Amino acid sequence: MYMNFAATMPLAGTLGVTIDEASRDRVAGKLPVRPEICTAGNIVHGGAIMAFADCLGAVGAFLTLPEGASGTTTIESKTNFLGGGPVGSVLAGEATPVKIGKRLSVWQTRIRTDEGADVALVTQTQLVLWPA
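Residues numbered from 1 in each chain as written. Predicted model: local features only at pLDDT ≥ 70, side-chain atom pairs only at ≥ 80, totals over all residues. Heavy atoms only, no water.

Colleague: Can you help me understand the overall build of the protein in this one?
Modeller: The helix and strand inventory of the protein stands at two helices and eight strands. Against the globule reference of 14 Å for 132 residues, the protein gives a C-alpha radius of gyration of 14 Å, in line with a compact fold. For the protein, the spread of C-alpha atoms along the principal axes amounts to about 45 × 30 × 25 Å. Residue burial in the protein is summarised as follows: out of 132 residues, 39% are buried. Sequence separation of at least 24 residues holds for 61% of the intrachain contacts in the protein that already meet a minimum separation of 6. In the protein, 10 positive and 11 negative side-chain charges are present, and the distance between their average locations comes to 8 Å. (Helix = DSSP H or I, 4+ residues; strand = E, 2+ residues; numbered from the N terminus. Rg over C-alpha atoms; globule rule 2.2 N^0.38 Å. Buried < 20%, exposed > 50% of the residue type's maximum accessible area, 1.4 Å probe, protein only. Contact = heavy atoms within 4.5 Å. Lys, Arg positive; Asp, Glu negative; His and termini not counted. Charge placed at Lys NZ, Arg CZ, Asp CG, Glu CD.)

Take a look at the structure:
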């Protein structure tokens, strides 16, 4: 069954994030670089890059939740900015799990331009939420 994960996250919709593939082993999506999400010089804002990566990692964390868990939330994120994403381009992101556990999962997201140039490498930790 297909689930439109981007539609469940209002920020993803605001940014224009689409999720093309979502499984326990890989989440892939795209972010079109529009002027509204850019900084000086018509380059995508670092916060938009981080939010894009967070959306992808969150979907992966959700898909790997242990039975009985109620959800997930980001508790840590670290970004290495490696290059710029120019306005008019479409960034591609791929999140893969580093570690999946009962309490935490760690995801790494690589973001590239449509030409394949590195833009960012993001590592995030997701906390597994349990019912009270």
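And the narrative resumes.
Colleague: Quick question: what am I supposed to make of unusual backbone geometry here?
Modeller: Phi is mostly negative for residues that are not glycine, and the peptide bonds are mostly trans. Positive phi outside glycine occurs at Asn42, with the angle close to 55 degrees. Judged by its relative accessible area of 44%, Asn42 is partly exposed.

Colleague: I tried to follow the side chain of Gln126 on my own but got confused; where do I start?
Modeller: Along the chain, Gln126 falls in strand S8 (residues 118–129). Given a relative accessible area of 1%, Gln126 falls into the buried group. A polar atom in the side chain of Gln126 sits 2.7 Å from the side chain of Thr74. Within the structure, Gln126 has its side chain in polar contact with the side chain of Gln124 (distance 2.5 Å). Residues contacting Gln126, with those up to four places away along its chain left out, are Asp54, Gly57, Ala58, Ala61, Thr72, Thr73, Thr74, Arg103, Leu104, Ser105 and Trp107. (Polar contact = N/O pair within 3.5 Å; in protein donor to acceptor, adjacent residues only side chain to side chain.)

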